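Here are the chains, one letter per residue:
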Amino acid sequence: MSAARRPAAAPANKRPQIRGAGNATPEAPGFLASGLGVALFSSAVFGISGSFAKALLETGWTPGAAVTARLTGAALVLALPAAVALRGRWHQLRDNWLTVLLFGLIGVAACQLFYFNAVARLSVGVALLLEYLAPVIIVLWLWVASRKRPRPLTIAGTLLSLAGLVLVLDLTGAVKIDLVGVLWGIAAAVCLAIYFFITAKENDTLPPIVLASGGLMVGALVMWLAAATGLLPMAASTADTRLGPWVTPWWVALGGLVILATVLAYVSGVVAARALGSKVASFVSLTEVLFAVIWAWLLLGELPGPIQLLGGLLIVGGVVLVRLDELRTPAPLPAELDHANDVEPVP
């Protein structure tokens, strides 16, 4: 988020269709299955970021330092593979500079920056729930843009997934509500929605690893600028970290945060979004919360309760409903709007 990538040689007017029984090809089921699998893998590795980050934060790292190190390290790791993927065709990067810039600025840096500002004023659970209103924003935007009401399955999947999020996040405790914090959380949700639209945008000329690398570089630069202007406190520590029963050097948690939770997560995320379309990819991403709970249980000893497990089932149920709706014959949409949900190849 690579079997999910669009064949580069497919003519614009003969691209394979993934929706509609009359247009389905024999390869479609396998293609769709692989796209969904990549999306779930992306959610799983994204979900482990909280556990690695918390291990660092408990030793004295600030959130700003952890995010900046995460983006910077990932950008450096992907720089060489991205250059190889371009094969000297630097014009592809120049031709898509605006996409890379918007992706790094909005989908990477701004999304995380706004989320941390929300966390500073709200509980983590409320801030995360606000950020994951992104699928609802996408559904509403597609509704407004196409002037067609979502089908019942999409509406049901939306409500079911959000209900599951509430249960997984276990918001029954004391909750601090701050209007400014709520606005920061909604801003993070808007950025997340834009992230899905950007990564789902059809583009045969820009390899997903190049988009991921370029976006991470832009995001890292923005985070460094935010730190330099005092918006983000920066502090780090070389003290050992604890992950489950193991005491490890600080670089183990940081390496996991960079390699697993960023490099693999972002690359697989772009591939999945291009394979599934912005709507389905955004709903599958809701499983990140479930994976985050599981990783926290395994690495931090935070055992999920029955309510959280029930919430996880509701999230999966919502994803299944939206997935089933996506596979049905859709109502015709304007070409430029439906474009994002065509067969394609992360942020």
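Residues numbered from 1 in each chain as written. Predicted model: local features only at pLDDT ≥ 70, side-chain atom pairs only at ≥ 80, totals over all residues. Heavy atoms only, no water.

Peer 1: Describe the overall build of the protein, with residues and values.
Peer 2: Assigned secondary structure in the protein consists of 15 helices and two strands. Carbon and sulfur atoms make up 72% of the accessible area of the protein, which totals about 15,400 Å². (Helix = DSSP H or I, 4+ residues; strand = E, 2+ residues; numbered from the N terminus. Areas by Shrake-Rupley, 256 points an atom, 1.4 Å probe, with all protein chains shown as cover.)

Peer 1: If you had to explain helix α3 (residues 63–86) to someone new, which residues and values would you point to?
Peer 2: Its 24 residues give α3 an end-to-end C-alpha distance of 33 Å, which sits within 8% of 34 Å, the value for a rise of 1.5 Å per residue. Along α3, the largest kink reaches about 35 degrees and is centred on Ala-79; proline Pro-81 follows within four residues of it. Looking at the residues trailing α3, positive phi occurs at Arg-87, about 55 degrees. (Expected span 1.5 Å × (residues − 1). Bend = angle between axes of the 7 residues up to and from the residue.)

Peer 1: Let's hear about the side chain of Thr-248: which residues, and what values?
Peer 2: Within the secondary structure, Thr-248 is located in strand β2 (residues 246–248). Given a relative accessible area of 13%, Thr-248 falls into the buried group. Not counting the four nearest positions on each side in its chain, Thr-248 is found in contact with Asp-240, Thr-241 and Leu-243. (Buried < 20%, exposed > 50% of the residue type's maximum accessible area, 1.4 Å probe, protein only. Contact = heavy atoms within 4.5 Å.)

Peer 1: Can you tell me about the nonpolar core, naming the residues and giving the values?
Peer 2: Within the largest apolar cluster, 78 residues are counted, with the highest numbers of intra-cluster contacts made by Leu-71, Phe-103, Tyr-132, Leu-165, Leu-192 and Leu-216. With 12 residues, helix α11 (residues 250–276) is the single largest residue contributor to this core. Residues within four places of Leu-192 in sequence aside, it is in contact with Cys-111, Glu-131, Tyr-132 and Ala-134. (Core = buried A, V, L, I, M, F, W, Y, C linked by side-chain atoms within 4.5 Å.)

Peer 1: Break down the side chain of Asn-96 for me, with residues and values.
Peer 2: Summarising the element assignment, Asn-96 is placed in the loop between α4 (91–95) and α5 (97–121). At 2.6 Å, the side chain of Asn-96 forms a polar contact with the backbone oxygen of Gln-92. (Polar contact = N/O pair within 3.5 Å; in protein donor to acceptor, adjacent residues only side chain to side chain.)

Peer 1: Can you lay out the packing of aromatic side chains for me, pointing to particular residues and giving the numbers?
Peer 2: Considering all chains together, one arrives at two aromatic pairs under this definition. Between Trp-61 and Trp-250 the ring centres are 6.4 Å apart and the planes differ by 35 degrees, which places this aromatic pair in the tilted class. Within this pair, whereas Trp-61 is found in the loop between α2 (49–57) and α3, its partner Trp-250 is found in helix α11, the two being separated by 189 residues in sequence. Aromatic pair Phe-114 and Trp-184: ring centres 5.2 Å apart, planes at 45 degrees, arrangement tilted. (Phe/Tyr/Trp six-rings, centres within 6.5 Å; stacked < 30°, edge-to-face > 60°.)

Peer 1: How would you sum up the environment of Tyr-132? Please name residues and give values.
Peer 2: Mapped onto the elements, Tyr-132 comes out in the loop between α6 (124–131) and α7 (134–146). We classify Tyr-132 as buried; its relative accessible area is 4%. In sequence terms Tyr-132 and Ile-186 are 54 residues apart; their C-alpha atoms lie 8.9 Å from each other. Among residues more than four places away in sequence, those in contact with Tyr-132 are Leu-162, Leu-165, Leu-192, Ser-285, Leu-286, Glu-288 and Val-289.

Peer 1: If you had to explain the state of the cysteines to someone new, which residues and values would you point to?
Peer 2: Within the structure shown, the criterion is met by zero disulfides. Of all cysteine sulfurs, the one in Cys-191 lies closest to Cys-111, which takes part in no disulfide; the gap is 5.7 Å. (Disulfide = S-S within 2.5 Å.)

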